[in-house]
Amino acid sequence: MTKTQSGGAKLLFFFTFLVAATALLSAQSGYKAITVSNGGTISGTVKWSGPIPRGLQFPVTKDPQICDPESKKTVDLDRLIVGPQDGVANTIVYLKDVSSGKAFDLPEQRRHLNQLHCRYVPHILLVPENAVLQMESSDATLHTIHMEGAATFNLPFPFTHQITARTMSTPGLVHLQCNGGHVWMSAEMMVAPHPYYAVTDESGRFDFTDVPAGTYQIVAWHEGWGFAGKQEVYDVLSQRKVDRPVFTQPKMWEKSVTVTGGGMSTVNFVISAK
Ligand SMILES: [Cu+2]
């Protein structure tokens, strides 16, 4: 009797400790939304300088009727997209180590992923921590989304237009690829711990509003635009060996920026092939 009681008490103590430890952990890593009075703005651009490398192409080696409806034989890998004014699209720009600030207001569209003609749309996803990523396929073939990094889901998409949703609970980068033989399919997702994140379009512009006054490190991250080689993998469906493209390392640039109350700060990133 005494033994059972003490065992129960121990268990209770352990659970209390666990709850306290978890609360402490989330208090330390968790972002706090506050009312930002007299915040500042950080805006700027990510622009390309110099000759633009040719976009990477890859042969369509499976399901050409679905993946290559225009019979181009190759698919554009969406690695480097430079706009008419030299803006670099698909760059993730963010402030480092922000523990409190405005409430999340990241645009909805980058947490909805479609698999269309064997490409990921959009190519770069941005999902707030603990928000839901919705995924679907428009293609009448079997895709699987295999995630690596801050999330590790492995999800089949046997039916078209059926939405699969998953909560992204760990901040950080996630690489997405298809293990159904469409080796060229690749996307990146950033799970953001706070709202001061942006993905550039072809204008290369980004804007952060309601930033609490202070000095920050601002980072521009790009997945990179070079081939590093090929990797032999198995198509899980046909059990055949196929070559998956391997890319060069992502690129990252970092600067320091100071924001004053009600002020407007500008940061411009200029990147080139070097
Ligand atoms: Cu696929």
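Scroll up to find the structure.
Residues numbered from 1 in each chain as written. Predicted model: local features only at pLDDT ≥ 70, side-chain atom pairs only at ≥ 80, totals over all residues.

Describing the overall build of the chain
Here's step 1: Scanning the chain from N- to C-terminus turns up two helices and 22 strands.
Here's step 2: Considering the chain as a whole, with its 274 residues, one finds that 31% of them fall into the buried category.
Here's step 3: Look at the contacts in the chain between residues 6 or more apart in sequence, and 68% of them connect residues 24 or more apart. (Helix = DSSP H or I, 4+ residues; strand = E, 2+ residues; numbered from the N terminus. Buried ≥ 20, exposed ≤ 12 C-beta atoms within 10 Å, placed from the backbone. Contact = placed C-beta atoms within 7 Å.)

Here's the deal with unusual backbone geometry
Most of the time, phi is negative for any residue but glycine, and the peptide bond is trans.
Here's step 1: Cis geometry is adopted by the peptide bond preceding Pro-122, which originates at Val-121 and carries an omega value of 0 degrees.
Here's step 2: Within the secondary structure, Pro-122 sits in the loop between β8 (119-121) and β9 (124-128).
Here's step 3: The backbone of Asp-63 sits at a positive phi, close to 45 degrees, despite the residue not being glycine.
Here's step 4: Here Asp-63 is to be found in the loop between β3 (57-59) and α2 (64-67).
Here's step 5: A positive phi angle, close to 50 degrees, is found at Asp-210, a residue other than glycine.
Here's step 6: Topologically, Asp-210 is positioned in strand β17 (residues 205-211).
Here's step 7: Owing to 17 C-beta atoms within 10 Å, Asp-210 belongs among the partly exposed residues under this scheme.

Quick word on the pairing of strand β12 (residues 154-157)
Each regular strand displays side chains that alternate between the two surfaces of the sheet.
Here's step 1: Pairing of strand β11 (residues 143-149) with β12, which is carried by four bridges, proceeds in the antiparallel orientation. The residue bridging Ile-145 from the neighbouring strand is Leu-155, located in β12.
Here's step 2: The hairpin turn running from β11 into β12, its antiparallel successor, is four residues long. (Pairing = 2+ DSSP bridges.)

Focus on the environment of Phe-227
Here's step 1: Take Phe-227: it is sitting in strand β19 (residues 227-234).
Here's step 2: Each residue touching Phe-227, except ones within four places of it in the same chain, is listed here: Leu-56, Pro-245 and Phe-247.

What to know about the environment of Thr-248
Here's step 1: If you trace the backbone, Thr-248 turns up in the loop between β20 (241-247) and β21 (251-259).
Here's step 2: Looking at Thr-248, the number of C-beta atoms within 10 Å reads 13, which means it is partly exposed.
Here's step 3: Expressed as a C-alpha distance, the spacing of Thr-248 and Phe-227, which sit 21 residues apart in the sequence, is 5.7 Å.
Here's step 4: Not counting chain neighbours up to four residues away, the residues in contact with Thr-248 comprise Gly-224, Gly-226 and Ala-228.

Some details on the sheet that holds strand β10 (residues 131-137)
Here's step 1: Read from one edge of the open sheet, four strands run β8-β7-β10-β13, paired in mixed fashion. Strands with a single pairing partner mark the edges of an open sheet, and in this sheet they are β8 and β13 (164-168). Across this sheet, the average inter-strand angle for adjacent strands is 25 degrees, counted without regard to direction.
Here's step 2: Sheet topology places strand β7 (residues 112-116) next to β10; four bridges connect them, and they run parallel. (Axes fitted to C-alpha atoms, helices over the stretch in contact; angles between N-to-C directions.)

Description of the sheet that holds β17
Two pairing modes exist for strands in a sheet, parallel and antiparallel, and in both the strands are linked by backbone hydrogen bonds.
Here's step 1: Spatial strand order, β17-β2-β22: three strands in an open sheet with mixed pairing. With one partner strand each, in any of the chains shown, β17 and β22 (264-271) form the two edges of the open sheet. With direction set aside, neighbouring strand axes in the sheet form an average angle of 15 degrees.
Here's step 2: Two strands pair when backbone bridges link them, and strand β2 (residues 40-48) and β17 are joined in this way by five bridges, in the antiparallel orientation. Residue pairing across strands places Gly-44 opposite Phe-206, the latter belonging to β17.

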